[in-house]
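Analysis of the macromolecular model
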Amino acid sequence: MHVWKFGGTSVGKPERMHSIRTLITSDDTRKIVVLSALSGTTNALLAIGESLKANNDADAHAKIDTLKAHYDAFLSELYKTAGGKAAGQKIVDSEFSFIRSLTGIKPFTLKQEKELVAEGELLSTQIFQAYLVEEGVPSTLLPALEFMRIDADNEPEIQYTEAKLAELLPAHDDKQIIVTQGFICRNPRGEVDNLKRGGSDYTASLIGGAIRAEEIQIWTDIDGMHNNDPRIVKNTFPVRELTFDEAAELAYFGAKILHPSTITPARMFGVPVRLKNTMDPAAPGTLIADRPEASAASREVFKAIAAKDGITALYIHSTRMLNAYGFLRRIFEIFEKYKTPVDMITTSEVSVSVTIDNTERIQEITDELNTFCTLEEPDYDQTIICVVGNFSADNEGVAVRVFNAMKNIPIRMVSYGGTESNLSLLVHGRYKSDALNALNDGLFSV
Ligand code: ADP
Ligand code: ASP
Ligand code: MG
């Protein structure tokens, strides 16, 4: 079985849904089809939530009306028959009446916000499934809320998904296509929750891992993972093959084409991930897998570059109250206690610099660090630039090419040697675009 995920732009227009139907039925492979919300919907729902939080109900209602009009128009182009249109209209009317009911709940809390934002995927999947019914495709809609769950630390429970899917799927053995929602899940309280922005990719990988799929395909609006951020750098090109480690680093360090955690479940179960372009299905895209023959054959030293914004750097100095070996443990126990991942680390004899992207608990973290360290003022608005390539120790002259390319850009931190495939640099956010372009010129132009 395959798992195919289609992102917002891939389902954002009626004609795109028509193409997806053709794509998913063009061979005999059974598929779980994971859909995102129509492009723009998640943002629109969050904007409605903002109006409700601000107690601006009139504004919320106006935004709901605008969004509903968009769906009404979408239906009239999607379905061909009166029966199809009526089925679609029933779905849209019912979901929007739920959305309107949320406006009456005071105060509007995070729980309601999560129910509201889930409506994007609930709408897209039901509308698409009704279209498959109209087209006579043997298919069913399996609600993600029945098998996707996160734990108290917001981590997906893949064993739960595995057990639930093993229980639920056999009832649909006669179906070629099983449609489900990306992004949404339940939390330990049984409430509707989600896997954070862009989370539909993660859903696809979690399902793919849980059912040991033959392949996971992520269909989006670009021909695979490019060697650099195409929104910032001109002349980027698709990378045809990446290992799981390389892809995981690029996703984690900001390549927007994949949710940061997407690769983890696929890598855990060795399920290849293929990135494909809905607008150009014949294009080869990117294959993410561990194929020794591919790595041996791949001669490129540099594979790709990504950037992660909104980073905070903390500079921690020992007051020498502790032994050098106890110092690091004490520091990292504090980050663990406040569940704050550290992205980059550099150390010297008496100092440690770390970067974090989640600053929710920064006050508690710095208060505790201050009991046995001295801290410099943190640097906010930093960007991690992650260069992925072959940085093995016997590959001479590779790091120097990176630094040469960066010669006019101030570098705050460097992390090298954590893996053989990554060199990360910390720069102020204002240099992000310059750094990405300079590295592109220095590492990829011939
Ligand atoms: P979807 O809605 O299908 O999930 P996204 O907008 O989340 O699509 O991701 C696709 C977009 O990611 C592309 O249109 C592109 O602008 C952006 N992107 C950023 N970095 C990269 C990269 N290295 N390779 C390809 N696309 C990238
Ligand atoms: N619809 C969600 C979002 O916009 C999830 C996704 O598209 O992957 O973030
Ligand atoms: Mg996305």
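Residues numbered from 1 in each chain as written. Chains lettered and ligands numbered in written order. Predicted model: local features only at pLDDT ≥ 70, side-chain atom pairs only at ≥ 80, totals over all residues. Heavy atoms only, no water.

Note: strand 12 (residues 342-347) against strand 13 (residues 351-356), 4 bridges, orientation antiparallel. The residue of strand 13 that forms the bridge with threonine 346 is serine 353. (Pairing = 2+ DSSP bridges. Helix = DSSP H or I, 4+ residues; strand = E, 2+ residues; numbered from the N terminus.)

Axis separation between helix 4 (residues 57-78) and helix 5 (residues 82-102) bottoms out at 10 Å; the angle between their running directions is 170°. As the angle between them shows, helix 4 and helix 5 are arranged roughly antiparallel. Where helix 4 abuts helix 5, its residues Ile64, Asp65, Leu67, Lys68, Tyr71, Asp72, Leu75 and Ser76 lie against Lys85, Gly88, Gln89, Val92, Asp93, Phe96, Ile99 and Arg100. Its residues placed into classes, the contact of helix 4 with helix 5 shows 7 nonpolar, 3 polar and 6 charged. (Axes fitted to C-alpha atoms, helices over the stretch in contact; angles between N-to-C directions. Parallel < 35°, antiparallel > 145°, perpendicular 65-115°, else oblique. Contact = heavy atoms within 4.5 Å. Nonpolar A, V, L, I, M, F, W, Y, C, P; charged D, E, K, R; others polar.)

In the vicinity of ligand 1, 15 residues are found, and the nearest of them are Lys5, Thr220, Asp221, His226 and Lys256. At 3.1 Å, a side-chain N or O of lysine 5 approaches an oxygen atom of ligand 1. The separation between an oxygen atom of ligand 1 and a polar side-chain atom of threonine 220 is 2.7 Å. Within the complex, 86% of the 560 Å² of free accessible area of ligand 1 lies under protein. (Near = heavy atom within 4 Å. Polar contact = N/O pair within 3.5 Å; in protein donor to acceptor, adjacent residues only side chain to side chain. Areas by Shrake-Rupley, 256 points an atom, 1.4 Å probe, with all protein chains shown as cover.)

In this section: the site of ligand 2. Surrounding ligand 2, one finds Ser36, Ala37, Thr42, Glu121, Phe183, Arg197, Gly198, Gly199 and Ser200. Take glycine 198: an N or O atom from its main chain is 2.8 Å from an oxygen atom of ligand 2. Compared with its free state, where it exposes 260 Å², ligand 2 has 87% of that area covered by protein. Of the residues in the shell around ligand 2, the class split is 2 nonpolar, 5 polar and 2 charged.

What follows is about the pattern of salt bridges. The full count for this structure, using the stated rule, is 31 salt bridges. Taking the shortest distance from any N to any O, the salt bridge between lysine 68 and aspartate 72 comes out at 3.2 Å. In this pair, lysine 68 and aspartate 72 are both assigned in helix 4, 4 residues apart and thus about one turn of the helix distant. Residue classification places aspartate 72 among the partly exposed positions, given a relative accessible area of 26%. Note that arginine 231 is salt-bridged to aspartate 229, the shortest N-O span being 2.7 Å. On the basis of relative accessible area, arginine 231 is assigned to the exposed category, the value being 57%. Taking relative accessible area as the criterion, aspartate 229 reaches 13% and is therefore assigned buried. Connected through shared salt-bridge partners, Arg21, Lys80 and Glu135 make up one network. (Salt bridge = Lys/Arg side-chain N within 4 Å of Asp/Glu carboxyl O. Buried < 20%, exposed > 50% of the residue type's maximum accessible area, 1.4 Å probe, protein only.)

Mapping threonine 125 onto the fold places it in helix 6 (residues 110-134). By relative accessible area, which is 0% here, threonine 125 ends up buried. For threonine 125, the contacting residues outside a window of four places in its chain are Leu35, Leu141, Val179, Thr180 and Gln181.

Moving on to the UniProt feature "domain: Aspartokinase ACT" (unreviewed entry) in the protein chain. Here, UniProt's "domain: Aspartokinase ACT" (unreviewed entry) annotation points to residues 320-360 and 385-441. Secondary structure content for residues 385-441 is 32% helix and 28% strand, while the C-alpha to C-alpha distance between its ends is 15 Å. (UniProt positions renumbered as here; feature names shortened; annotations may be inferred.)

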